[in-house]
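Structural features, examined
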Amino acid sequence: MSLLEIQDLSVVYEPRGAAPTLAVKDVSLTLEQGEFVGLVGESGSGKSTLGFAVTRLHKPPARIAAGRIVFDGVDVAQLDAEELRVQRRGGFAMVLQSGMNALNPVRTVGNHFTDVFAAHGHVPTAARRRRATELLDKVQLPSTVLDRYPGELSGGMRQRVSIALALSLEPRLMVFDEPTTALDVLVQHAVMDTIRELQAAEGFTAVLISHDLGVVLESAQRVVVMHDGEVVEDGAARQVFEAPAHPYTQMLLSHYADPRAEVVELPGLERRAPAVTEPGAAPASAPAAGTVPAAGTPATGRRAARDAIVVDHVSKVYPPPRRGEQPVTAVDDVSFRLEPGAAMALVGQSGSGKSTIAKMVTGVERPTSGTVTFGDLQVDRLRRHQLKRLHTDVQMVFQDPYSALNPLHTVEYTLTRPVENYTGLRGEAARERVLGLLEKVGLTPVEQFAAKLPHQLSGGQRQRVVIARALASDPQVLIADEPVSMLDVSLRAGVLALLEELRAETGVSLLYITHDLLSARVITDRIMVLHHGRVVESGGTAQVLRFPEDEYTTRLLDAIPQPARRFGGVA
Amino acid sequence: MRYVLRRLGLLVLTLWAAVTLNFVIPRLMPGSPTDAAIAKLAQNGPVTPAVQAAIEAQLGVPGGSWWNQYVDYLGNVLTLDFGVSYTFFPQQVSGLVAGALPWTLIMVGLVTVLAFVLGTLIGVGAAWRRGTWVDSLPTVGGSFLSAFPYFWTALLIVFFLGYVAGWFPTSGAYSATATPNLSWQFLGDALYHAALPAATILLTSLGGWILGMRNAMINTLGEDYVTFAEANGLRGRTVAVRYAARNAILPNLTGFGMALGGVVGGSLLVEQVFAYPGVGYLLYNAVTNQDFPLMQALFLMITVSVLVANFLVDILYGILDPRTRR
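Computed from a predicted structure; not experimentally measured. Residue positions are given per chain, counting from 1 as you read along its sequence in written order. Here the convention is simple: chains get letters from A, ligands get numbers from 1, in the order in which they are written. Given that this is a predicted model, residues contribute local features only at a pLDDT of at least 70 and side-chain atom pairs are listed and counted only at 80 or more, while totals for whole chains, interfaces and linings are drawn from all residues. Water and hydrogen atoms were dropped before computing side-chain values, which therefore reflect all heavy atoms in the structure.

The way it works is that DSSP assigns letters per residue, a run of H or I at least four long becomes a helix, a run of E at least two long becomes a strand, and they are numbered from the N terminus. A count of helices and strands for chain B gives 14 helices and zero strands. With respect to the principal axes defined by its C-alpha atoms, chain B has extents near 85 × 55 × 40 Å. Out of the 326 residues in chain B, the part that is buried amounts to 38%. Excluding contacts between residues fewer than 6 apart, the proportion of contacts in chain B whose partners are at least 24 apart in sequence is 73%. Of the roughly 17300 Å² that chain B leaves accessible, carbon and sulfur atoms contribute 70%. To sort residues, take the accessible area from a 1.4 Å probe on protein chains only and compare it with the maximum for the residue type: under 20% means buried, over 50% means exposed, and anything in between is partly exposed. Should any heavy atoms of two residues lie within 4.5 Å, those residues are counted as being in contact. For every accessible area listed, the method is Shrake-Rupley and the probe measures 1.4 Å; residues are considered covered only by the protein chains on display.

Right under this line is the structure:
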């Protein structure tokens, strides 16, 4: 008998005062004991809804409309609350997306274990601490963690604690809902390793829900692809990787590439490696370290004089977070030059100082030492009224398009404000400029998009509006802080292509801040790798990513899921 | 422990600042109580310097440099000597306050605590059983009652339960024939007199606590740690109390601290309607009669009680929320 049989399951969302939507449509799926299954889909595909329904954790307005979920011979859709609660031990467990918030901030880790043991009575009181220590050991945490509060642990540690807690139920089925999404790249990699090892050692059946086909292909034996509430593909991981049957799967796969490859291709974007030197050999015509040459074809200058951003031996030290602690050095002696029309990537994990650099370049923060200049402007000395001059030329694109737009204003209003502010245009002229901006970022028909409110737009469209807003002042420099990390993979390439296009057309230079090496590879020429606020490596993007010389760069590259490595094929 | 000491240090510092402000502000104001008295007397004829000196001596108007006055003042505050009341001359201000304070502290204080505890419990229940009658009855009823102005509820209660039905006494803290002592009989009598003002305060403040707790708890019920606790099969009661309510109560504690601090001064209207001999009643008398020493003492007491209540809540916060302890 199979461990889990999902038969014609439909889950409907019935929000009060709105039309019901079918999030999961007639899904049938069978899981065998000990399988490691990946469930992949983009946002809105119904993958998490399915995961929550299977573990009976869905809450109103979600409702199981039809179908059976037979777990070990019992239909869990029919269980009452107490039966359900009792069977959670030795049944199915769930690890949630944001491990950050999955633990009660006012209870110690030890108390979390005690609560679970007490609820099911499967570990005698005397043995509880020993058992908790064993479980923590399985997720590679020391027993000292037991007396800590969640707030005292890092994100990765917290997610490990939740895995250990789920494990304490001795489950036969573990559902991992985006277990590493909220974590840092390197930590993600380590946590995924732990999950794989545990699954192999403990033999539970695992369902890994993820938006990242790369992560799933690297871990799962079998891959289930969901789109629009339906399962569109279900097969062995190797088969899905090598010969995806459904066009949707093919499309998802086309967005994966190895940033180390000689030619990196994403839909709509292609980047060949320029004359790259083997490691060891001195770069033939490499520019001096830290300088960024203009892109191949210099854009026809809109303005006579165009300026470079020069960051010279800049450091930023924040005062200690609490009394008696060390001050925090966010940026440590960083220098670079961003030439007009060039594209440079700043990469590193969170806390590496890359966003702090962006803040200093835009004049939001002042460096503790060193200087930032843009043309004749000394950015680190600007007074408030001078900032406007800087911001006419240096504009920012933010990470989260969902919170970067005021939900109460139409796109036209959002764009008219900066147009009036920076260009002085009014009335019909301003409107024309707004429509021109929309055209430029590919939101056509422009009249229609101008009238829309943010919630009527998709994430990708919102990010285009954010980019249009940054372009309103006709800037010379765009600073994009993780502009695609919140977007579905299928939308990322489009936004990246837009940035690339704008650079070619208007000659704007781009400072691209990211942890995603693949996107850095396809839209930038130069790269700087930051670690603990220091530049550990810099140079041509292709050169650095293909032949990294610093151990940290290698670690970042290794952390990217590479199904090709597992299956040996070419991506 | 270091957290408590740090809070204690902060309390002492703010107390000193409050006491000092209380000293400085009246001296910066134009005019003085003596001027007021002399102006009144002047209507009947010229005031001789001897009369003026007599008035100053009688009122205890301080002389000497500000510094000397300040040192004297600090000493007086520490020994709780606030001088003589003008209205209830020649009674000591400290005696008047000491007489009024217990009534307010016990009646208003207990009711405030009771309202917080009851409101929080009902709020937890309402959020946990969202959408059932356990939710709708107290939320709708609570908002209805707290929409009434304080004094209006008081007047209605006095009128219907006091005059019309005659079930409860309508004024005073105890019967005219009773003498305050610690016998059961007197305590029963005091409780009987406290019933109506207490009910007024309870009714008008309960709704706020219910709504505050319910809304905070509905937020925490959506948190991942609650979902995760359910996924781990914890009992419903454990999830509701230790996971959801335990976190939801934190923001409400701040409001509770403010309510506690307001106990001493904030019951003015209710005490007025019920002629309850508490601090609010005394303050009303002091203000209407321009009784400066009494006012000054009462204002100082109100400030101090707000500070002390906030200190206590800070300590409680430290116990309940490990994140503030560091």
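For the rest of this paragraph, the subject is the nonpolar core. With 116 residues, the main nonpolar core has Phe113 and Leu173 of chain A as its most contacted residues. With 10 residues, helix α10 (residues 236–266) of chain B is the single largest residue contributor to this core. Residues in contact with Phe113 of chain A, not counting those within four places in the same chain, are Ala132, Leu135, Leu136, Leu146, Ala164, Leu165 and Ser168 of chain A. Each nonpolar core is a collection of buried residues, namely Ala, Val, Leu, Ile, Met, Phe, Trp, Tyr and Cys, held together in the definition by side-chain atoms within 4.5 Å. Counting residues in each nonpolar core, the second largest holds 60 residues, with Val411, Val466, Val544 and Leu556 of chain A among its members.

Let us now look at the packing of aromatic side chains. Within 6.5 Å between ring centres, the rings of Phe, Tyr and Trp (the latter by its six-membered ring) count as paired, and their orientation is classed by plane angle as stacked under 30 degrees, edge-to-face over 60, tilted in between. In the structure shown here, the tally under the stated rule is 17 aromatic pairs over all chains. Ring geometry for Phe116 of chain B versus Phe256 of chain B: centroids 4.1 Å apart, planes at 15 degrees, classification stacked. With Phe116 of chain B in helix α5 (residues 93–128) and Phe256 of chain B in helix α10, the pair connects residues that are 140 residues apart, well separated along the chain. Here Phe256 of chain B falls in the buried class, since its relative accessible area comes to 9%. Members of the aromatic cluster, joined through ring pairs, are Phe23, Trp66, Trp67, Tyr70 and Tyr73 of chain B. Lying over the aromatic face of Phe449 of chain A, Lys452 of chain A brings its terminal NZ or CZ to 5.2 Å of the ring centre. Both a distance and an angle decide whether a charge sits over a ring: NZ of Lys or CZ of Arg must be within 6 Å of the ring centre and within 35 degrees of the ring normal.

Before going further, it helps to spend a moment on the interface of chain A and chain B. Taken together, the 32 residues of chain A in the interface contact 23 residues of chain B. Buried area is calculated as the accessible area (1.4 Å probe) missing from two parts once they are joined, with the contributions of both summed. The largest per-residue losses of area from chain A upon contact with chain B belong to Lys59, Pro105 and Val106 of chain A, which jointly make up 22% of the total buried on that side. Salt bridges are defined by distance alone: a side-chain nitrogen of Lys or Arg within 4 Å of a carboxyl oxygen of Asp or Glu. There are two salt bridges connecting chain A and chain B. Here Asp115 of chain A and Arg242 of chain B are joined by a salt bridge, their closest N and O atoms 3.1 Å apart. Here a polar contact is taken to be a pair of N or O atoms separated by no more than 3.5 Å, where protein atoms must pair a possible hydrogen donor with a possible acceptor and residues adjacent in sequence count only if both atoms sit in side chains. Applying the counting rule to chain A against chain B returns 10 residue pairs in polar contact (both at pLDDT 80 or more). Ranked by the residues each element gives to the side of chain A that touches chain B, the list is headed by helix α3 (residues 109–120) of chain A, at six residues.

Moving on, we come to the domain arrangement of chain A. Residues and elements named next belong to chain A. Domain annotation of chain A identifies domain 1 (35–59 + 78–254) and domain 2 (312–559). For domain 1 versus domain 2, the distance between C-alpha centres works out to 34 Å. Contact with domain 1, which involves nine residues of that partner, is made by 12 residues of domain 2. Between domain 1 and domain 2, a total of about 970 Å² is buried, with carbon and sulfur atoms accounting for 56% of that surface. Connecting domain 1 to domain 2 are zero salt bridges. There are four residue pairs in polar contact (both at pLDDT 80 or more) connecting domain 1 and domain 2. Only α6 (185–202) and α9 (247–254) provide two or more residues apiece to the side of domain 1 that touches domain 2. Class assignment of the residues belonging to the side of domain 1 that touches domain 2 gives a composition of four nonpolar, three polar and two charged. In this document the domain limits rely on a domain assignment from an automatic tool or a database. Note that Gly is not counted as nonpolar here; it falls among the polar residues with everything else outside the nonpolar set of Ala, Val, Leu, Ile, Met, Phe, Trp, Tyr, Cys and Pro and the charged set of Asp, Glu, Lys and Arg.

Residues and elements named next belong to chain B. Taken as a whole, chain B is organised into domain 1 (14–78) and domain 2 (96–325). Distance between the C-alpha centres of domain 1 and domain 2: 38 Å. The interface is formed by nine residues belonging to domain 1 together with six residues belonging to domain 2. Taking both partners together, domain 1 and domain 2 bury about 680 Å²; carbon and sulfur atoms supply 76% of that area. Taken together, domain 1 and domain 2 are joined by zero salt bridges. Inspection of the region where domain 1 meets domain 2 yields one residue pair in polar contact (both at pLDDT 80 or more). Sorting the residues of the side of domain 1 that touches domain 2 by element identifies α1 (2–28) and α4 (66–78) as the ones contributing at least two each. In terms of residue count, α1 provides more of the side of domain 1 that touches domain 2 than any other element does, six residues in total.

Residue and element names in this part refer to chain A. With six of six residues buried, strand β21 (residues 509–514) is to be regarded as a mostly interior element. Residue alternation in β21 divides its side chains into two sets, Ser509, Leu511 and Ile513 and Leu510, Tyr512 and Thr514, and both sets are buried. Here the rule is simple: two strands pair whenever DSSP picks up at least two bridges between them. One ladder, built from five bridges, connects strand β20 (residues 477–481) with β21; its direction is parallel. Within the sheet, the bridge partner assigned to Ala480 lies in β21 and is Tyr512. Considered for its hand, the β-α-β crossover made up of β20, helix α16 (residues 489–506) and β21 is right-handed. When the strands point away from the viewer, a crossover counts as right-handed if the route from the first strand across the helix to the second turns clockwise.

Turning next to the environment of Asp35 of chain B. Among the structural elements, Asp35 of chain B can be located in helix α2 (residues 33–42). Considering only alpha carbons, one finds Asp35 of chain B and Gln52 of chain B, 17 residues apart in sequence, at a separation of 9.0 Å.

Time to look at the sheet that holds strand β7 (residues 173–177) of chain A. Residues and elements named next belong to chain A. The mixed open sheet is built from six strands, whose spatial order is β6-β7-β8-β3-β9-β10. Two strands lie at the open edges of the sheet, namely β6 (92–95) and β10 (230–236), each paired on one side alone. Recorded for the sheet is a direction-independent mean angle of 15 degrees between the axes of neighbouring strands. Pairing analysis gives five bridges linking β7 to strand β8 (residues 205–210), with the strands arranged parallel. For helices, the fitted line uses only the C-alpha atoms of the stretch in contact; every axis is such a line through C-alpha atoms, and the angle between N-to-C directions lies from 0 to 180 degrees.

Here we come to a negative patch on the surface. By definition, no residue in a patch forms a salt bridge, and every one has over 30% relative accessible area; like charges are joined within 9 Å, nonpolar side chains (Val, Leu, Ile, Met, Phe, Trp, Tyr) within 5 Å. Within this scheme the basic residues Lys and Arg register as positive and the acidic residues Asp and Glu register as negative, but His and the chain ends are omitted. The location of each charge is read from NZ of Lys, CZ of Arg, CG of Asp or CD of Glu. Together, Asp8, Asp26, Asp228 and Glu230 of chain A make up a negatively charged patch on the protein surface. Inspection of the secondary structure puts Asp228 of chain A in the loop between β9 (222–227) and β10.

By secondary structure assignment, the location of Glu500 of chain A is in helix α16. Glu500 of chain A sits 157 residues away from Ala343 of chain A along the chain, and the two C-alpha atoms are 8.8 Å apart.

Our focus in this paragraph is helix α4 (residues 128–138) of chain A. Residue and element names in this part refer to chain A. Residues of α4 that are buried: Arg128, Arg131, Ala132, Leu135 and Leu136. Looking straight down α4, one finds its buried side chains confined to an arc of 140 degrees; they lie on one side. Along α4, the residues that are exposed and aim more than 90 degrees away from the buried face are Arg130 and Asp137. Check the buried side of α4 and you find it contacts α3 and α5 (155–167). A positive backbone phi angle near 60 degrees is found at Gln140, which sits one or two residues after α4. Starting at the helix axis, one direction is taken to each C-beta atom, and the arc is that of these directions.

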